[in-house]
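Results of the structural survey
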Amino acid sequence: MNCLNLVVINNRVFSREQVLQWCKEVSLKNPSDAFILLALFEGIRGEAYRDIADLKLSDFNEDELTVQLPYSKKTVKVSQMLYDYAKKSDEIFSYNSLLGSAEIALLDDGLIIKNKNNSIAGADIRNRNRRVEKRVGLISEYLGLGNLITSKSLLESGVVYYVNEKRKETG
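Below you will find a few notes about this structure. (Residues numbered from 1 in each chain as written. Predicted model: local features only at pLDDT ≥ 70, side-chain atom pairs only at ≥ 80, totals over all residues. Heavy atoms only, no water.)

**So, the overall build of the protein**
The helix and strand tally for the protein stands at seven helices and five strands. Its helices and strands in sequence order give the protein the pattern α-α-α-α-β-β-β-α-β-β-α-α, from N to C terminus. Among the 171 residues that make up the protein, the fraction classed as buried is 38%. When the accessible area of the protein is evaluated, it comes to approximately 9,700 Å², of which 51% is carbon and sulfur surface. (Helix = DSSP H or I, 4+ residues; strand = E, 2+ residues; numbered from the N terminus. Buried < 20%, exposed > 50% of the residue type's maximum accessible area, 1.4 Å probe, protein only. Areas by Shrake-Rupley, 256 points an atom, 1.4 Å probe, with all protein chains shown as cover.)

And the structure:
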């Protein structure tokens, strides 16, 4: 315990309400950024972010609020809010720079996190996956939080949230 900076650790555990507030803020520019934040919080990642980078709206079951993860091959329960952000992201074909004024055209490639229109078809999967992590950093910077928000902190915050919810259910 003497080796851990508990202040830093506690500052990197976010409530669901806080994550939803950030989603609301960034979704005004890009619903796909809100989708990334909430997907990570709800435990969707896969190796090197492949479950986020490869997701399509057709992977979701709207009636059951589940998603079949394309890389992990697991079916997981999701929130209505995550599904709504996925749907909005799927419908939009431009990306507004969070830290500037550029608007970038996106390909109609069937993905929720679409490739830029200057991407080569079948672009290197590592580049697409890296884009997810890079956007988390841009979101944190856009929100004025420096490097406070990371994909790891979002995943861990989600785990803490869901453990606490289960604890409340079971006593």
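**A closer look at the sheet that holds strand 2 (residues 66-68)**
Strand order in the open sheet formed by three strands is 1-2-3, and the pairing between neighbours is antiparallel. The open sheet terminates on both sides in strands that have one partner only, identified here as strand 1 (60-61) and strand 3 (75-77). As defined by bridge partners, strand 1 adjoins strand 2 across two bridges and the pair is classed as antiparallel. Each residue of the ladder has a partner; that of N61, found in strand 2, is T66. (Pairing = 2+ DSSP bridges.)

**Quick look at the layout of surface pockets**
Its volume calculated, the largest pocket comes out at about 250 Å³. When residues of the lining of the largest pocket are assigned to their parent elements, the largest contribution, five residues, is made by helix 6 (residues 125-142). The class makeup of the residues in the lining of the largest pocket is six nonpolar, two polar and five charged. (1 Å grid on protein atoms, 1.4 Å probe; cavity = no way out; pocket = protein on both sides within 12 Å on 5 of 7 lines; lining within 4 Å. Points joined across faces, edges and corners; volume = space filled by probe spheres on them. Nonpolar A, V, L, I, M, F, W, Y, C, P; charged D, E, K, R; others polar.)

**Section: the packing of helix 2 (residues 16-27) against helix 3 (residues 31-41)**
One way to put it is that helix 2 packs onto helix 3 with a least axis distance of 7 Å and a crossing angle of 165°. When the interaxial angle is binned, helix 2 and helix 3 end up roughly antiparallel. For helix 2 against helix 3, the interelement crossing comes out right-handed. Of helix 3, the residues touching helix 2 (which contributes R16, V19, L20, W22, C23, V26 and S27) are P31, D33, A34, L37, L38 and F41. Residue composition of the contact of helix 2 with helix 3, by class: ten nonpolar, one polar and two charged. (Axes fitted to C-alpha atoms, helices over the stretch in contact; angles between N-to-C directions. Parallel < 35°, antiparallel > 145°, perpendicular 65-115°, else oblique. Left-handed = near helix turned anticlockwise from the far one by under 90°. Contact = heavy atoms within 4.5 Å.)

**Describing empty space enclosed by the protein**
Counted under the stated rule, the structure contains one cavity of 30 Å³ or more. As a volume, the largest cavity reaches approximately 70 Å³. Lining the largest cavity are N30, P31, S32, S89, I92, S94, L106, I112, I113, K114 and R135. For the lining of the largest cavity, the residue count by class is five nonpolar, four polar and two charged.

**Observations regarding the packing of helix 3 against helix 7 (residues 151-170)**
Between two packed helices, both the angle of their axes relative to each other and the distance between the axes serve to describe the pair. Taken N-terminus to C-terminus, the directions of helix 3 and helix 7 make an angle of 50°; their axes are 7 Å apart at the nearest point. Considering the angle they form, helix 3 stands oblique to helix 7. Contacts from L37, L40 and F41 of helix 3 reach helix 7 at S151, L154, L155, S157, G158, Y161 and Y162.

**A word on the nonpolar core**
Core analysis: the biggest nonpolar cluster contains 38 residues, and F35, I44, I52 and F60 have the highest contact counts within it. For this core, the element with the most residues is helix 3, which contributes eight residues. Those residues within four positions of F60 in sequence are excluded, and the remaining contacts are F35, L55, T66, V67, V78, Y83, A86 and I112. (Core = buried A, V, L, I, M, F, W, Y, C linked by side-chain atoms within 4.5 Å.)

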